[in-house]
Amino acid sequence: MNIFVVIVTYNPKKWIDKCFSSLRKSSIPLKIIIIDNGSTDGSQEIITEKYPEFDFIAYYENMGFGGANNIGINRAYDAGADYVFLMNQDVWIEVDTLEKLTTSAIQNPEYGIISPMHLNGKGDALDYNFSYYTSTVYCENLFSDIFLNRHENKIYFLKFINAAAWLISRKCIETVGGFNPSFFHYGEDDNYCQRVLYHGFKIGILPASKIYHDRENRAENTYLSDYKKVYQRKLISEFSNLEVTRSVVFEKNKLYKKLISSVLRFNISEFQNAFEKLKMFNSGNINYIIKNRELSKAKARTFL
């Protein structure tokens, strides 16, 4: 069984030892691929010196989370990976984390993605955002079964879990592919989950396995109101939907063509109109994109 771990790094100096040393202690053999997104904190030299057995690929530009992960996933796939474990640089695992995940994945091939329980960096609570994603609204029976000790080695289905710790099957990669590089950072995991579900795979949580995610002090990890959380998830879901994403791309291409056409015909008013619409698209104007999300659904389907 070939298990590859792919980690995208960007100035990871404070987490290197906890993250990488935990992989060395795994109860099953792992092959590690590190993709660095142009770190400037001296971590590239530290990784090369202290972890020579890792496959370390250093870039001098930031290709984004999804783009860099795609390089690692492709490298692992070409090397014969049966499973690829995507892991954030601020995450570390327990000795049996990957053993439990892969055992469960083998027994449940219908799951394209299986994730462990995400604790915070101190290990004294669940990661806050993870607790939101796995609440009873999104993940039926998980917490009640844990409380009543009925979870054993069960997997619990849900439609989304953040990509801090994903075990992805080879079959899922072959069918779904990698991340959409249009999402530079944030939203790429929502989009991928949408595609996984679209292609008939399941996404699940395995309570018997756990990781530690040290992000309590990150600026975006604040205790948002329930309303704001729901609103954010709704917007991301809209944009990560395959049909919506393709519709937006199709509409943008139409506007670019209109822009060029208006220049050739010296039509100033048409040029200004197309230019203003493109500005709204490219600035991520939420209301404009949502308003136009139905424009090209029929044609968008041809891209799936």
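Here, every reference points to the structure presented above.
A brief look at the structure comes next. A quick note: this is a predicted structure, and the numbers were derived from the prediction, not measured. (Residues numbered from 1 in each chain as written. Predicted model: local features only at pLDDT ≥ 70, side-chain atom pairs only at ≥ 80, totals over all residues. Heavy atoms only, no water.)

Observations concerning the overall build of the protein chain
In terms of regular secondary structure, the protein chain is built from 13 helices and nine strands. Among the 304 residues that make up the protein chain, the fraction classed as buried is 48%. Carbon and sulfur atoms make up 54% of the accessible area of the protein chain, which totals about 15,500 Å². (Helix = DSSP H or I, 4+ residues; strand = E, 2+ residues; numbered from the N terminus. Buried < 20%, exposed > 50% of the residue type's maximum accessible area, 1.4 Å probe, protein only. Areas by Shrake-Rupley, 256 points an atom, 1.4 Å probe, with all protein chains shown as cover.)

Notes on the pairing of strand S2 (residues 31–37)
Judged by how many residues are buried, S2 sits mostly within the fold: six of seven residues are covered. Here six bridges tie strand S1 (residues 3–9) to S2, and the two strands are oriented parallel to one another. Its bridge partner lying in S2, Val8 is registered against Ile35. On the question of chirality, the crossover connecting S1 to the parallel S2 by way of helix H1 (residues 16–24) is right-handed. Of the strand pairs in this sheet, S2 and strand S3 (residues 55–59) are connected by five bridges, and their pairing is parallel. Bridge pairing in S3 places Ile34 opposite Phe56. You can see the chain leave S2, run along helix H2 (residues 43–50) and come back into S3, and the turn it takes is right-handed. (Pairing = 2+ DSSP bridges. Right-handed = clockwise from strand over helix to strand, strands pointing away.)

Overview of the packing of aromatic side chains
Following the criterion strictly, the structure yields eleven aromatic pairs and no others. Look at Tyr132 and Tyr138: their rings are 5.6 Å apart centre to centre, the planes differ by 65°, and that puts the pair in the edge-to-face class. Considering the side-chain rings of Trp166 and Tyr192, the 5.7 Å spacing of their centres and the 35° angle between planes classify their relative orientation as tilted. Residue Trp166 is found in strand S8 (residues 165–169), and its partner Tyr192 is found in helix H8 (residues 188–198); the two are separated by 26 residues along the sequence. No difference in accessibility class separates Trp166 from Tyr192, as the two residues are buried. Counting every residue linked through ring pairs, the aromatic cluster contains Phe65, Trp166, Phe179 and Tyr192. Positioned above the aromatic ring of Tyr77, the side-chain terminus of Arg170 is 3.8 Å from the ring centre. (Phe/Tyr/Trp six-rings, centres within 6.5 Å; stacked < 30°, edge-to-face > 60°. Lys NZ or Arg CZ within 6 Å of the ring centre and 35° of its normal.)

With respect to the pattern of salt bridges
Under the defined criterion, the tally for this structure stands at nine salt bridges. Notably, a salt bridge pairs Asp127 with Arg215, separated by 2.7 Å at the nearest N-O pair. Of this pair, Asp127 sits in the loop between strand S6 (111–120) and helix H5 (128–133) while Arg215 sits in the loop between strand S9 (202–213) and helix H9 (226–240), and the two are 88 residues apart along the sequence. (Salt bridge = Lys/Arg side-chain N within 4 Å of Asp/Glu carboxyl O.)

A few points about H1
Every buried residue belonging to H1 is among Ile16, Cys19, Phe20, Ser22 and Leu23, and all of these are buried. Buried residues in H1, looked at end-on, bunch into an arc of 165°, giving them a common side. The elements touched by buried residues of H1 are S1, S2, H2, strand S4 (83–87) and strand S5 (91–93). (Arc of directions from axis to C-beta. Contact = heavy atoms within 4.5 Å.)

What to know about the pairing of S9
Within S9, nine of the twelve residues are buried, leaving the element largely enclosed by the surrounding structure. In terms of strand pairing, strand S7 (residues 156–157) meets S9 through two bridges, oriented antiparallel. Following the sheet pairing, Tyr156 is matched in S9 by Ile205.

Notes on the side chain of Ser22
Counting through the fold element by element, Ser22 comes out in helix H1. A polar contact is formed between the side chain of Ser22 and the backbone nitrogen of Ile93, at a distance of 3.2 Å. (Polar contact = N/O pair within 3.5 Å; in protein donor to acceptor, adjacent residues only side chain to side chain.)

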